[in-house]
Amino acid sequence: MVTRASTGNKKNSSQGTAAKIRKKIPRIEVKRAESFRSDNPEGKRKLLNLWRSITHTPLFNYQMLWFLIIALAVIGLMMQFSASVILELSAGTNPYWGVARPLLIMAVGFAAMIFISRLPAGFFEKFALTVIFPLAIAGQLAVFTSLGRGQGGNRNWVYIPGINQVLQPSEFLKVAFILLLVTVFSSGRCRIDSLGDLFKWVGLPFIVIVATVMAGHDMGTLLIFVSILLCVLLIAGISLRWLGIGIGLLSVAAVGAVLSSSSRRNRVLSFLHPSQANPTGSGLQPLRAKWGLGTGGLTGVGPGASRQKWNYLPEAHTDFIYAILGEEFGLFGTLLVLVIFGLLAWVLSRLIINATHQTTRLCAAGTLGWLVVQALMNIMVVIGFLPVIGVPLPLISSGGSTALATLIQMGVLLSYLRAEPGVAAAVAHRPKYLRTSRAVRLEKRDGK
């Protein structure tokens with residue numbers, strides 16, 4: 001016979017056991033939840049350290065620039081093959097010249113880039129003011145001689161006798177202008193806080209550039225010179241108040257230039273009121289470019305299968321080649337080009353922030369203001385975010401002068417980059433992180 005006391009003791013003991021179990025269960029559940037929600041900080045730290053070990057090496061920016069240049073050149077050759085062949089057929093010339101000409105230009109451009117990148121950085125500063133810039137101005141003035149040629153209302157080309165080709169001197173003037181700015185600021189000739197120095201060393205050369213370029217009615221090219229100047233002045237440390245005043249004055253001048261030209265007014269009005277634009281006049285290029293991008297969809301109609309390049313879209317091989325790219329390779333192709341230019345902007349920004357020498361920072365700033373800004377302007381025109389300006393897409397649009405000048409500028413930047421601490425030695429010797437595991441094991445075994 002079980003007494004009430006013993007029954008109560010059993011209940012109390014069972015309740016105590018249950019309470020102990022209940023206390024243990026939440027602890028186990030909380031522990032599992034915490035382990036489930038863990039962000040694995042140790043793994044993240046390893047990935048971050050790996051990223052830093054790769055990007056902080058002296059050779060990273062140098063190799064990234066090479067990779068991006070080659071990527072843009074390959075895409076450019078593909079698109080030029082596609083669009084330039086149609087241009088040669090329309091002109092009644094040998095269509096294979098549309099393939100051979102871009103290849104020849106790229107080969108010469110890369111050879112020039114490699115040669116210039118091997119020159120000492122101080123070489124450019126010795127000759128920038130006395131030789132390079134005066135020669136570039138002389139070339140720009142040559143467009144107003146009997147050798148000058150015009151197209152589409154712009155007179156900005158020089159005929160070269162003997163090879164039956166034309167050259168655009170304003171493209172090489174961009175390189176000379178960047179070298180002038182780098183030289184006057186890095187050498188101390190031009191003090192950034194002195195209006196007199198700025199007018200003497202920067203203002204007067206820029207006025208000469210404005211006069212010679214606008215005399216040929218090429219406002220699109222002049223906008224790139226303005227972008228180069230603003231980027232370099234900003235990195236050189238100009239007062240934001242002076243910079244704002246300068247931008248205001250340039251904006252007023254730009255409005256005046258637009259109002260003074262009927263073709264520029266029509267382009268701006270077509271951009272502001274696209275539904276009222278003349279589909280066979282000023283509204284033709286934006287309309288056809290959108291049709292090409294819309295036809296391409298996500299993946300495109302295929303390489304070489306563009307319809308707009310068959311003389312439906314004017315300047316399809318130069319200023320509007322991005323529309324042909326979108327038609328043939330779709331949204332994925334256009335985004336790939338955007339990513340490449342975004343990476344180029346990132347590398348140039350890294351150089352501006354982290355470079356040891358002032359010359360490297362200023363040269364990277366000028367390159368950013370030229371290539372990246374020009375690419376954005378071209379793309380925004382094609383997709384309808386800007387009125388038609390008339391600037392090519394660097395290294396992708398057809399045009400020998402543009403490609404040669406771009407590659408020369410990249411050679412100058414690579415030369416300055418090689419002068420950065422550790423870069424020249426890293427270029428001369430294979431970096432450690434690129435060695436094979438077998439080579440590393442052999443070095444350890446031999447005690448090296």
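Here, the structure is the one placed above.
Below or above, wherever it landed, is the structure these notes cover. Quick caveat, the model's predicted, so the values are computed rather than measured. (Residues numbered from 1 in each chain as written. Predicted model: local features only at pLDDT ≥ 70, side-chain atom pairs only at ≥ 80, totals over all residues. Heavy atoms only, no water.)

## What about the side chain of serine 398?
Then, in step 1: With respect to the element layout, serine 398 can be found in the loop between helix H13 (358–382) and helix H14 (400–418).
Then, in step 2: For serine 398, a relative accessible area of 11% translates into the label buried.
Then, in step 3: The contacts of serine 398, once residues within four sequence positions are left out, are Gln80, Ser84, Arg101, His317, Thr318 and Ile321. (Helix = DSSP H or I, 4+ residues; strand = E, 2+ residues; numbered from the N terminus. Buried < 20%, exposed > 50% of the residue type's maximum accessible area, 1.4 Å probe, protein only. Contact = heavy atoms within 4.5 Å.)

## Observations regarding the packing of aromatic side chains
Then, in step 1: Within this structure, the stated rule accounts for 6 aromatic pairs.
Then, in step 2: Aromatic pair phenylalanine 124 and tyrosine 416: ring centres 5.8 Å apart, planes at 50 degrees, arrangement tilted. With phenylalanine 124 in helix H5 (residues 122–141) and tyrosine 416 in helix H14, this residue pair connects regions lying 292 residues apart in the sequence. For the pair formed by phenylalanine 124 and tyrosine 416, the shared burial category is buried.
Then, in step 3: An aromatic cluster of three or more residues is present, and its members are Phe123, Phe124, Phe127 and Tyr416.
Then, in step 4: The positively charged end of arginine 350 is found above the aromatic ring belonging to tryptophan 346, 5.3 Å away from the centroid. (Phe/Tyr/Trp six-rings, centres within 6.5 Å; stacked < 30°, edge-to-face > 60°. Lys NZ or Arg CZ within 6 Å of the ring centre and 35° of its normal.)

## Comments concerning the packing of helix H6 (residues 169–186) against H14
Then, in step 1: The geometry of H6 relative to H14 is characterised by a closest axis approach of 7 Å and an angle of 20 degrees between their N-to-C directions. Between H6 and H14, the crossing angle belongs to the class labelled roughly parallel. Contacts between H6 and H14 involve Glu171, Phe172, Val175, Ile178, Leu179 and Val182 on the former and, on the latter, Ser401, Thr402, Leu404, Ala405, Ile408, Gln409, Val412 and Tyr416.
Then, in step 2: In terms of residue class, the contact of H6 with H14 is built from 10 nonpolar, 3 polar and 1 charged. (Axes fitted to C-alpha atoms, helices over the stretch in contact; angles between N-to-C directions. Parallel < 35°, antiparallel > 145°, perpendicular 65-115°, else oblique. Nonpolar A, V, L, I, M, F, W, Y, C, P; charged D, E, K, R; others polar.)

## What to know about the pattern of salt bridges
A side chain of one charge can pair with a side chain of the opposite charge if their charged atoms are brought near each other.
Then, in step 1: A complete count under the given rule lists 3 salt bridges for this structure.
Then, in step 2: A salt bridge links glutamate 171 to lysine 174; the shortest N-O distance between them is 3.2 Å. Taken together, the positions of glutamate 171 and lysine 174, both in helix H6 and 3 residues apart, correspond to about one turn of that helix. In this structure, glutamate 171 and lysine 174 share a single accessibility class: buried.
Then, in step 3: One salt bridge connects glutamate 328 with lysine 309, and the closest N-O pair in it is separated by 3.3 Å. Note that glutamate 328 is positioned in helix H12 (residues 321–354) and lysine 309 in the loop between helix H11 (284–296) and H12, a separation of 19 residues in sequence. Take glutamate 328 and lysine 309: they sit in the same class, and that class is buried. (Salt bridge = Lys/Arg side-chain N within 4 Å of Asp/Glu carboxyl O.)

## Here's the deal with the packing of H6 against H13
Then, in step 1: Remark: H6 packs on H13, axes separated minimally by 9 Å, with the N-to-C direction vectors making an angle of 150 degrees. Our classification of the angle between H6 and H13 gives roughly antiparallel. Considering how the two elements wind past one another, H6 and H13 form a crossing that is right-handed. For the pair H6 and H13, contact is made by Glu171, Lys174, Val175, Ile178, Leu181, Val182, Phe185 and Ser186 and by Gln358, Thr359, Leu362, Cys363, Gly366, Thr367, Trp370 and Gln374, respectively. (Left-handed = near helix turned anticlockwise from the far one by under 90°.)

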